[in-house]
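# Notes for the structure review
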Amino acid sequence: MIDERLIRADATKLDELHEIMQEQPHAELLCDIGMKEINIGHKAVEKICDAVKALTPGKKVLMVSGPVAIVDTEGRKIKERIKALLEQEYEVEWFVVTEPDGIVHCTPENAARIQEHFPGVDCVVGIGGGTICDLCKYATYTANHENPLPLVIVQTALSVNAFSDNSSVMLFSGVKRTVHSRYPAILIIDLDIVGAAPPEMNVSGYGDLIATWTAPVDWYLGNVLGMGKNFHTAPSDMIRTQCEELLENSSKLAAGDPKVIGDLANVLTLSGLSMGLADESSPASGSEHVMSHLIDMASKVRHTGICYHGTQVAVSGINSCIIWDYLLNEFDPKAVDLDKCYPTAEEMEPKVKAAFDWLDDTHAAANECWSDYQKKLAKWHANKEKFKAFLDNFDEFKATVAPWVKKPEYIADCMHKANAPCRYSVLNFPVDAKTATWAMNNCHLMRNRFSVIDLLFYTGVWNEDFVQKIIDRADSMDAGL
Ligand SMILES: [Zn+2]
């Protein structure tokens with residue numbers, strides 16, 4: 001039985017959450033949530049000075065935002081409003097992160113530009129979406145690991161779950177990597193601000209949560225096979241039921257129902273906390289995210305922008321649901337020839353390099369992917385006994401994970417009701433069939449983290465024909481390419 005208090009977890013009650021986690025079996029696997037406060041509610045931003053005051057007696061605030069104007073439900077420009085509120089008690093410097101093409105990326109270079117404004121500052125207030133949040137977390141953390149500047153984040157859209165975790169997704173040499181950073185000390189989600197965000201942004205947060213039905217099972221699978229660590233059921237138990245309710249309310253979300261937007265704010269924030277509890281993004285980022293990461297990596301060569309993270313993840317999430325449905329209903333462990341499941345590094349290196357070499361002239365992306373992939377390959381070889389035991393006990397594994405997955409048809413149906421894009425070709429920066437197919441075929445070659453796709457690759461199931469079958473099944477749901 002799942003602890004009832006976990007099922008109804010409330011992101012704004014951090015002390016209570018801490019207590020519940022402490023009481024879970026194997027609580028030693030769960031990390032502390034390093035946040036002081038999460039405020040979700042109407043007019044929450046009006047207490048911005050109190051938030052700063054709770055973190056520092058200092059008087060100088062650095063406000064960091066992107067270049068785009070944002071208004072609340074009453075049409076007020078929120079950045080200017082927050083600046084005015086802060087100026088009632090603080091000296092405020094406002095730094096706007098910009099790039100020549102108008103799209104701000106999560107790069108160490110942008111973080112360094114924020115850091116240039118740190119001297120003399122007592123508190124950083126970041127206002128914006130996932131990119132600004134990740135940049136502020138990374139900039140403050142890398143400037144001083146031990147004692148980073150206090151950080152308040154005002155979240156302007158329910159676009160991703162990453163506001164309430166202690167990592168940042170950064171672009172290094174054009175490759176997306178999730179790196180450890182820090183939590184915002186205080187997170188403010190003003191429902192009058194996120195309620196006025198473009199609907200496609202809030203649908204993006206809903207989309208990020210589609211990973212709830214694939215990432216935790218990838219995480220569990222990796223742990224069973226000795227390829228991951230620290231699996232615990234509590235981080236996902238904390239959000240699964242509320243995610244289920246959100247799926248049931250998909251049409252209401254599309255209609256902008258304020259209650260459902262409030263529910264989305266809570267569960268999305270909990271999803272961020274689930275990654276912090278695990279001290280890795282695995283509870284909310286599995287095979288669906290890695291497919292999406294490859295599409296992002298290709299965007300530069302394709303001279304196109306990066307799609308809303310969650311909407312792209314959700315399209316990939318339908319694919320991952322199809323893959324898991326295959327594993328649980330069609331995969332035959334008895335047909336596996338164990339000795340054929342272990343390609344050598346010499347065999348894999350050219351495959352990994354060929355998959356990513358076209359991304360840049362310097363081979364930087366290919367080298368970065370190979371350096372990460374070879375660790376996974378070595379670990380796979382080292383844990384052969386665990387794989388053998390997995391095949392022998394496959395029914396037991398299936399019984400454990402069955403309640404954690406959903407049928408792809410159901411997910412696609414909910415996404416249609418939510419007005420969430422279900423095809424790569426209709427994302428805000430449309431992804432062509434060739435790029436999407438490349439991303440699906442090669443996503444397992446990108447990073448160290450193990451997923452169901454690695455299992456299918458090593459057992460000889462994963463190839464271009466198999467990917468085509470996924471595409472065809474998705475197409476039957478009016479989804480996929
Ligand atoms: Zn995500």
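Here the structure is a predicted model, which is why all the values come from computation and not from measurement. (Residues numbered from 1 in each chain as written. Predicted model: local features only at pLDDT ≥ 70, side-chain atom pairs only at ≥ 80, totals over all residues. Heavy atoms only, no water.)

### Observations regarding the overall build of the protein
Along its length, the protein carries 22 helices and 8 strands. Scaling as 2.2 N^0.38, a compact globule of 481 residues should have a C-alpha radius of gyration of about 23 Å, and the protein matches this with 22 Å. For the protein, the spread of C-alpha atoms along the principal axes amounts to about 70 × 55 × 45 Å. Taking all 481 residues of the protein together, the buried fraction comes to 59%. Here the protein has roughly 19,000 Å² of accessible surface; of this, 51% comes from carbon and sulfur atoms. Between the averaged position of the 45 positive side-chain charges in the protein and that of its 68 negative side-chain charges there is a distance of 1 Å. (Helix = DSSP H or I, 4+ residues; strand = E, 2+ residues; numbered from the N terminus. Rg over C-alpha atoms; globule rule 2.2 N^0.38 Å. Buried < 20%, exposed > 50% of the residue type's maximum accessible area, 1.4 Å probe, protein only. Areas by Shrake-Rupley, 256 points an atom, 1.4 Å probe, with all protein chains shown as cover. Lys, Arg positive; Asp, Glu negative; His and termini not counted. Charge placed at Lys NZ, Arg CZ, Asp CG, Glu CD.)

### A few points about the coordination of the zinc ion
Around the zinc ion, the protein supplies D208 (OD), H289 (NE2) and H309 (NE2) as donor atoms, at distances of 2.1 to 2.2 Å. Counting gaps between the donor residues of the zinc ion yields the pattern D-x80-H-x19-H. Separated by 81 residues along the polypeptide, D208 in helix α8 (residues 199-208) and H289 in helix α13 (residues 287-299) bring together distant segments of the chain. Residue D208 shares its accessibility class with H289, and that shared class is buried. (Donors = N, O, S within 2.8 Å, 3.2 Å for Na, K, Ca; no water.)

### Regarding the side chain of R447
Its location among the elements puts R447 in the loop between α20 (433-442) and α21 (452-458). For the buried R447, no salt bridge exists, and the shortest N-O distance to an oppositely charged side chain is 6.2 Å, to E288. A polar side-chain atom of R447 sits 3.4 Å from the main-chain carbonyl oxygen of G286. Aside from chain neighbours lying at most four places away, what touches R447 is R177, S285, G286, V290, H293, D372, Y373 and K376. (Salt bridge = Lys/Arg side-chain N within 4 Å of Asp/Glu carboxyl O. Polar contact = N/O pair within 3.5 Å; in protein donor to acceptor, adjacent residues only side chain to side chain. Contact = heavy atoms within 4.5 Å.)

### Points about unusual backbone geometry
Of note, the phi angle at H26 is positive, near 55 degrees, even though the residue is not glycine. Summarising the element assignment, H26 is placed in the loop between α2 (14-22) and β1 (37-41). For N419, which is not glycine, the phi torsion reads 65 degrees and is therefore positive. Considering the arrangement of structural elements, one finds N419 in the loop between α19 (408-417) and α20.

### What to know about the domain arrangement of the protein
Once the domains are mapped, the protein shows domain 1 (31-197) and domain 2 (210-475). Between the C-alpha centres of domain 1 and domain 2 the distance comes to 29 Å. Contacts between the two partners involve 27 residues from domain 1, matched on the other side by 31 residues from domain 2. For the pairing of domain 1 and domain 2, the buried interface totals around 2,400 Å² over both sides, and the portion due to carbon and sulfur atoms is 66%. On the domain 1 side of the contact with domain 2, N161, K176 and R177 bury the most area, a combined 26% of that side's loss. One can count 2 salt bridges joining domain 1 with domain 2. Measuring nitrogen to oxygen at the nearest pair gives 2.7 Å for the salt bridge that ties E368 to R177. On inspection of domain 1 and its partner domain 2, the count reaches 6 residue pairs in polar contact (both at pLDDT 80 or more). Of all elements in the fold, only β1, β7 (175-180), β8 (186-190) and α7 (191-194) reach the threshold of two or more residues within the side of domain 1 that touches domain 2. In terms of residue class, the side of domain 1 that touches domain 2 is made up of 15 nonpolar, 9 polar and 3 charged. (Domains from an automatic or database assignment. Buried area = accessible area lost by both parts, 1.4 Å probe. Nonpolar A, V, L, I, M, F, W, Y, C, P; charged D, E, K, R; others polar.)

### Some remarks on the pattern of salt bridges
Across all of its chains, the model carries 31 salt bridges by this definition. A salt bridge links D372 to K375; the nearest nitrogen and oxygen atoms lie 3.6 Å apart. Taken together, the positions of D372 and K375, both in helix α16 (residues 364-382) and 3 residues apart, correspond to about one turn of that helix. When its relative accessible area of 14% is taken as the criterion, D372 is described as buried. Given the relative accessible area of 45%, K375 is considered partly exposed. Each member of the salt-bridge network shares a partner with another, and the members are R177, E368, D372 and K375.

### Quick word on the packing of aromatic side chains
By the definition in use, this model includes 22 aromatic pairs. Taking 5.6 Å as the distance between ring centres and 55 degrees as the angle between the ring planes, the aromatic pair formed by W462 and F466 counts as tilted. Since its relative accessible area comes to 5%, W462 is described here as buried. Given the relative accessible area of 9%, F466 is considered buried. For the cation-ring pair, K59 lies above Y90, with the distance from its terminal atom to the ring centre recorded as 4.8 Å. Its end group placed over the ring of W213, K406 keeps NZ or CZ at 4.8 Å from the ring centre. (Phe/Tyr/Trp six-rings, centres within 6.5 Å; stacked < 30°, edge-to-face > 60°. Lys NZ or Arg CZ within 6 Å of the ring centre and 35° of its normal.)

### A few points about the sheet that holds β8
Pairing in this open sheet of 6 strands is parallel, and the strands run β1-β8-β5-β4-β2-β3 from one edge to the other. Each end of this open sheet is capped by a strand with a single partner; those strands are β1 and β3 (91-96). With direction set aside, neighbouring strand axes in the sheet form an average angle of 15 degrees. Its contacts with the sheet put helix α3 (residues 48-55) on β2 (60-65), β4 (123-128), β5 (151-155) and β8, and the angle it makes with β5 is roughly 155 degrees. (Pairing = 2+ DSSP bridges. Axes fitted to C-alpha atoms, helices over the stretch in contact; angles between N-to-C directions.)

### Describing α19
Among the residues of α19, those classed as buried are P408, I411, A412, C414 and M415. Around the axis of α19, the buried residues are gathered within 160 degrees of arc, so they sit on the same side. Among the residues trailing α19, N419 stands out with phi positive, at a value near 65 degrees. (Arc of directions from axis to C-beta.)

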